[in-house]
Amino acid sequence: MRSEIRAVHQTIVGNRGGATALSALALTVLLSACGGGSADRDAPGAPSASAPGASGAPGATSSSPRPEQSTRTTDRPPSSGGSTSIDLDAVALKDGDLAEFRLVDVPSTRSDPPGAVAPAACRVIADARRESYTPAPSALVRRYAVATAGEHLGTGTQITLAGTTESAARDLLAALRAAVTACRDGYTGDGRGTTTVTAVTPVAVGDEGVAFRTAGRGIPTEYTFVRQGSVLLRFAASSASGKAVGVPIPVVVQQVMKVRAATD
């Protein structure tokens, strides 16, 4: 399986000028090559190898390991004031926006909540990993970025922009901060066995942020959550090498700045 992963890296890096579909297909194999690990669950919007529109075109499907439990996001009004009014798709990173990274669109599916989690204080982390937000976002846009060169070579980062309310985004980040501290000894459940949680210093961008790394069954993943106004941004980075990697700072900064420019 590791040889397949290395082949995928070579495919992506060696075909920088190729079609986006090739990149999307390679990314799918990259995410699923570990055979049931957590990487595919942590990236529920990863492009599907069988999807004829793997770059986000109509007909694209999600490679979530439990697609029957995911549904397309639908616009629904936020629960309170300060709601997102910008076009999230227009401000999401696109291929060509960032040197040394290939970007592809991925379907905006929504995962069901995780199963039982213990201790209960860690439930918010499991929910955030699956993007099971309450209240549900009014809009959800995803991209997937893979580093094709430079210091982050081989790192894949799922980017999600969620339209919500400023108060809802504030509440989620406050709950995540508390949970990262409370769950430093790990939590169980959600079909993952025991998951450890380690606090990470977030990138100094946006109105506020929280970052942490999870490890356990499958590939270690680092998460960064940023609030920019009423937009909640989620970044989840992992490497098919199985080694822990950080969320690439250029991806976070460039994406948050695009959102900020549209809201100023």
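Residues numbered from 1 in each chain as written. Predicted model: local features only at pLDDT ≥ 70, side-chain atom pairs only at ≥ 80, totals over all residues. Heavy atoms only, no water.

**Observations regarding the overall build of the protein chain**
In terms of helices and strands, the protein chain carries 7 helices and 11 strands. When each of the 264 residues of the protein chain is scored for burial, the buried share is 52%. Partitioning the contacts of the protein chain with sequence separation of at least 6, the portion at a separation of at least 24 is 64%. For the protein chain, the exposed area adds up to about 10800 Å²; of that, 52% sits on carbon and sulfur atoms. (Helix = DSSP H or I, 4+ residues; strand = E, 2+ residues; numbered from the N terminus. Buried < 20%, exposed > 50% of the residue type's maximum accessible area, 1.4 Å probe, protein only. Contact = heavy atoms within 4.5 Å. Areas by Shrake-Rupley, 256 points an atom, 1.4 Å probe, with all protein chains shown as cover.)

**Description of unusual backbone geometry**
A cis amide bond links Ala118 with the next residue in sequence, Pro119, at an omega value of 0 degrees. In this model, Thr134 is joined to Pro135 through a cis peptide bond whose omega is 0 degrees. Structurally, Pro135 can be placed in the loop between α5 (123–130) and β5 (139–147). Although it is not a glycine, Glu100 adopts a positive phi angle of roughly 75 degrees.

**Things to note about a nonpolar patch on the surface**
Residues Ile249, Val253 and Met257 make up a contiguous nonpolar surface patch of about 230 Å² in total accessible area. Tracing the backbone shows Val253 in helix α7 (residues 249–263). (Patch = residues over 30% accessible without salt bridge, like charges linked within 9 Å, V, L, I, M, F, W, Y side chains within 5 Å. Salt bridge = Lys/Arg side-chain N within 4 Å of Asp/Glu carboxyl O.)

**Some details on the packing of α5 against helix α6 (residues 166–182)**
Close contact between α5 and α6 brings their axes to 8 Å; oriented N to C, the two are set at 125 degrees. Taken as axis vectors, α5 and α6 run oblique relative to one another. Seen from above, α5 lies across α6 with left-handed handedness. Along its contact with α5, which presents Val124, Ile125 and Ala128, the element α6 presents Leu172, Ala175, Leu176, Ala179 and Val180. (Axes fitted to C-alpha atoms, helices over the stretch in contact; angles between N-to-C directions. Parallel < 35°, antiparallel > 145°, perpendicular 65-115°, else oblique. Left-handed = near helix turned anticlockwise from the far one by under 90°.)

**Observations concerning the environment of Thr224**
Mapped onto the elements, Thr224 comes out in strand β10 (residues 221–228). Residues Thr224 and Pro202 lie 22 residues apart in sequence; the distance between their C-alpha atoms is 6.5 Å. When residues no more than four places from it in sequence are discounted, the contact partners of Thr224 are Val210, Ala211, Leu233, Arg234, Phe235 and Val247.

**What about the pairing of β10?**
Of all 8 residues that make up β10, 8 are buried, and the element is covered over most of its length. Burial of the side chains of β10 extends over both faces: Thr221, Tyr223, Phe225 and Arg227 are buried on one face and Glu222, Thr224, Val226 and Gln228 on the other. Note: strand β9 (residues 208–215) against β10, 7 bridges, orientation antiparallel. When the bridges of β10 are listed, Val210 appears paired with Phe225. Turn length for the β9-β10 hairpin, with the two strands adjacent in sequence and antiparallel, is 5 residues, and the turn residue Gly216 shows positive phi of about 155 degrees. Bridge count between β10 and strand β11 (residues 231–239): 7 bridges; the pairing is antiparallel. Within β11, the position partnered with Phe225 by the bridge is Arg234. (Pairing = 2+ DSSP bridges.)

**Some points on the nonpolar core**
Residues Ile159, Leu161, Leu233, Phe235 and Val252 are the most contacted members of the largest nonpolar core, which totals 25 residues. Among the elements of the structure, α4 (88–91), β2 (101–106), β5, β6 (155–163), β11 and α7 are those that each provide at least two residues to this core. In this structure, Cys122, Ile125, Ala179 and Val180 belong to the second largest nonpolar core, which totals 23 residues. (Core = buried A, V, L, I, M, F, W, Y, C linked by side-chain atoms within 4.5 Å.)

**Some points on the packing of aromatic side chains**
If you walk through the whole model with that rule in mind, you get 3 aromatic pairs. Each ring, one from Phe212 and one from Phe225, has its centre 6.1 Å from the other, and the planes form 10 degrees; the classification is stacked. Residue Phe212 is found in strand β9, and its partner Phe225 is found in strand β10; the two are separated by 13 residues along the sequence. There is no split in this pair, since Phe212 and Phe225 are both buried. (Phe/Tyr/Trp six-rings, centres within 6.5 Å; stacked < 30°, edge-to-face > 60°.)

**With respect to α5**
Summarising burial for α5: 7 of the 8 residues are buried, a large majority. Along α5, the residues that are buried comprise Val124, Ile125, Ala126, Asp127, Ala128, Arg129 and Arg130.

That's the geometry; what it means functionally is another story.
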